[in-house]
Amino acid sequence: MSQHGVGPRAVTRSVAFLTAGVLAVPALTGCGSEDPAGKPLAAPDIQPAGRDRIADGGTLRWAVDSVPDTLNTFQSDADATTLRVAQAVLPSMFRMNAAGRPERNPAYLESAEVVETEPKQVVLYKLNQQAVWSDGREIGAADFAAQWRALSGKDTAYWTARNAGYDRIQKIERGDNALEVRVTFSRPYADWRSLFSPLYPKDVMGTPDSFNDGARKKLKVTAGPFTVKKVDREDDEITLARNPRWWGEPAKLSEIVLRTVPRDKRASELAAGTLDVAEIDPSAARRITVAARPRSSSSPLMGPAADRSAADALHSWAVANGTDEDDADEETVARKKLRKAAVTYARQQQALRGFEVRKSLEPAFTQLALNGAEGPLADERVRRAVARALDRKKLAETVLKPLGLPAVPVGSHLALSGQAHYADNSGALGGQDTKEAQALLADAGWVRGGPLKEQKKKEKEKKEEKAAGAQGEKAVGEDNKAHGGQDPADHLAHDGTQYKHPARDGAPGAYAPKGTAAPANREAAPLAKNGKPLTLRFVLPSGPGSQTLRTVAGRISRMLERVGIGTDISKVSDESYFKDHIASGQYDLALYSWPATAFPATDARPVYAKPVPAADGSLNVEQNYTRVGTDQVDQLFDEAVSTLDEGKSRSLIRKADSRIWAAAGSIPLFQRPQLIAARKNLVNTGAFGFGTPVYEDMGFLKKGAKPAAGPSAKGSAAR
């Protein structure tokens with residue numbers, strides 16, 4: 001599924017106003033017997049198989065969105081493919097398991113633990129004695145120290161995208177032997193496991209020049225099951241080859257080719273036999289699912305002419321055989337093109353029978369962002385009203401139910417179900433409640449049927465035109481009486497009192513000027529305040545891969561309409577969506593995604609930090625594109641990242657999430673679907689969910705071998 005979002009942790013994430021602080025926060029259940037983190041909503045689906053069932057050799061052709069501009073994950077223009085390459089070719093001290101929690105990577109670490117807390121925090125890494133770079137040099141303290149210096153933020157000659165965590169390190173030194181690395185922190189750092197994953201060699205990190213340019217186009221020295229064999233920017237491919245110096249279980253595949261293929265072309269490329277695995281959108285997934293079914297009259301029609309009725313077909317035949325030669329020729333050509341397209345489609349469907357759809361939930365969630373910098377949404381009551389108008393369960397079902405995935409709304413901004421920091425804190429804001437949403441809007445001064453400036457201007461112009469007409473013309477009220485109409489005076493609020501609906505009390509905050517016509521049907525009228533209607537700019541990407549977002553936006557607009565909030569949907573190009581609208585604040589409502597992280601105290605802080613004025617007078621929002629933040633949330637993040645008590649840190653993160661919910665700057669909706677098309681004999685590959693892929697175990701089944709039954713995941717340390 002292609003949705004606009006912010007990239008993986010190593011790429012980008014590291015790159016409530018007054019009343020929010022006093023709102024009641026639900027009691028946290030961290031001290032109870034039941035873990036509020038729960039379990040992942042969906043398991044990985046990777047077709048697991050033991051190494052003894054996998055053939056040696058072969059090339060895996062994998063579709064990606066782009067060949068990245070850099071292979072250095074710590075640079076601002078790194079992308080998801082940068083991260084994929086790094087996972088396959090570089091060391092990571094920790095990697096994610098199937099529940100999205102960090103686990104020691106035994107290929108590189110014998111152990112890693114906090115050995116001192118006073119007077120300073122000290123972490124001791126004991127490295128795998130077999131771990132070496134591809135040039136034969138042992139991985140050691142010099143590599144850790146070079147990466148720390150490059151990412152500490154102290155030397156601005158390094159063009160880094162982030163330095164979180166590394167800026168807390170005081171020194172790095174060798175331990176009792178070459179396999180030990182001692183890292184001393186100047187300040188306590190709870191998320192120390194986030195560091196040195198990936199770890200680059202000192203050849204890359206050692207100098208600003210090598211950091212800035214040395215790893216952009218190539219990686220000469222690596223230390224994973226694969227190496228970077230070739231980066232071909234003409235053919236848009238990166239080729240990874242088996243690393244002969246890899247000390248672990250040897251990679252089953254000889255090569256992995258990462259090839260740029262647009263998402264709307266992937267089904268065709270899979271059918272053509274040029275790809276083995278690709279992330280796909282729901283329409284392509286449906287094609288593959290239908291192709292795998294036995295042919296029958298009950299199979300849904302798809303492809304060219306699938307939406308043509310019998311009447312359409314008869315009309316086409318009649319035109320093609322009609323007396324108008326020009327129309328007949330044109331229709332004949334169109335019919336030939338349609339038949340050719342149908343034959344091609346049928347051939348592709350036959351080829352797609354060799355693939356299957358593997359599905360899980362991505363470690364990312366889609367949210368509705370509310371820009372609190374200006375306009376109606378600067379009022380927290382209006383933001384909360386927007387949130388209370390939404391049925392998040394129905395929105396999740398819209399996207400996930402047709403795919404057969406769990407349609408459970410996300411209950412946290414800072415983690416996903418199954419992750420250590422997760423708890424459903426949405427109660428701090430409350431669920432869907434139309435009456436409550438309307439009450440919040442009324443309290444903010446927005447009422448139905450209020451006078452609109454534009455309407456008043458038109459009425460004034462019309463009155464002036466009538467006054468300039470022939471003398472003796474009857475007044476409007478008299479005309480109406482003469483024709484049996486009701487006297488407009490019956491609809492006027494002469495005394496300037498509040499509008500009141502006969503069935504309910506009037507809403508405070510909006511008064512009708514003397515002589516203003518009261519609308520006959522207030523419930524159908526838009527909300528207004530100070531002569532302006534309550535209409536929000538809803539900005540969406542226009543590309544073919546964003547259809548799901550647009551569908552969700554349509555549902556949201558209808559939900560908001562029920563409480564009197566209008567939306568003005570604006571579709572913009574994919575290229576400008578984030579840069580020119582989201583990041584620059586040119587929107588009221590928007591849909592985009594954030595990745596989940598195992599280290600929210602570090603990674604999520606810039607996303608929810610209170611914006612502060614910069615030296616040049618502009619507003620420094622970091623990654624908080626909603627411009628909504630509080631000092632209290634910032635303080636909770638600071639406390640969480642500075643305590644080495646893991647239970648206390650989790651509790652602080654959950655409290656911060658409750659405050660973020662209460663501020664209503666963004667509303668988490670659903671975990672994103674992960675749909676992967678894969679050859680049926682390709683194993684240990686597919687929809688990985690939270691887990692880090694084990695690249696050395698990927699491969700094709702031996703002839704006659706069968707995979708394990710059912711979708712499941714290998715543990716991140718399994719072999």
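Residues numbered from 1 in each chain as written. Predicted model: local features only at pLDDT ≥ 70, side-chain atom pairs only at ≥ 80, totals over all residues. Heavy atoms only, no water.

Asks: Looking at this model, I keep getting lost on the sheet that holds strand S6 (residues 169-174). Mind explaining?
Replies: Within a beta sheet, neighbouring strands are joined by backbone hydrogen bonds and run either parallel or antiparallel to one another. Across the sheet, which stays open at both edges, the 4 strands sit in the order S4-S5-S7-S6 with antiparallel pairing between neighbours. Both edges of this open sheet fall to strand S4 (109-116) and S6, since each of them pairs with a single strand only. Strand-to-strand, the axes of this sheet are offset by a mean angle of 15 degrees, without reference to chain direction. Lying on the sheet, helix H3 (residues 141-151) is in contact with strand S5 (122-127), S6 and strand S7 (180-185); it crosses S6 at an angle near 160 degrees. (Pairing = 2+ DSSP bridges. Helix = DSSP H or I, 4+ residues; strand = E, 2+ residues; numbered from the N terminus. Axes fitted to C-alpha atoms, helices over the stretch in contact; angles between N-to-C directions. Contact = heavy atoms within 4.5 Å.)

Asks: Would you take a moment to explain the confidence of the model for the protein chain for this structure?
Replies: Detailed reading of the predicted coordinates is not advisable wherever pLDDT falls low. Looking at the protein chain, pLDDT values average 85 and 80% of them are 70 or higher. Note on residues 6-32: pLDDT under 50 across the span, and 82 contacts to partners over four residues away in sequence or across chains. Below pLDDT 50 for its whole length, residues 710-719 participates in 33 contacts with residues either more than four positions away or in separate chains. (pLDDT = per-residue confidence, 0-100.)

Asks: Honestly, the sheet that holds strand S14 (residues 527-529) in this entry has me stumped. Any pointers?
Replies: Strand order in the open sheet made by the 3 strands is S13-S14-S15, with antiparallel pairing throughout. Each of the sheet's edge strands pairs with one partner strand only, and the pair in question is strand S13 (447-448) and strand S15 (532-533). Sheet topology note: the S13/S14 ladder contains 2 bridges and is antiparallel. Bridge pairing links Val-447 to Ala-528 in S14.

Asks: Mind showing me how you'd approach unusual backbone geometry here?
Replies: Glycine aside, the phi torsion of most residues is negative, and most peptide linkages are trans. In this structure, the amide linkage connecting Glu-118 to the following residue, Pro-119, adopts the cis form with an omega of -5 degrees. For the peptide bond that leads from Ser-197 to Pro-198, omega is 5 degrees, which places it in the cis range. Despite not being glycine, Glu-622 has its phi angle at roughly 50 degrees, a positive value. When you line up the elements, Glu-622 lands in the loop between strand S20 (619-620) and helix H19 (631-642). On the accessibility criterion, Glu-622 (45% relative accessible area) is partly exposed. The backbone of Arg-627 sits at a positive phi, close to 65 degrees, despite the residue not being glycine. Tracing the sequence through the fold places Arg-627 in the loop between S20 and H19. (Buried < 20%, exposed > 50% of the residue type's maximum accessible area, 1.4 Å probe, protein only.)

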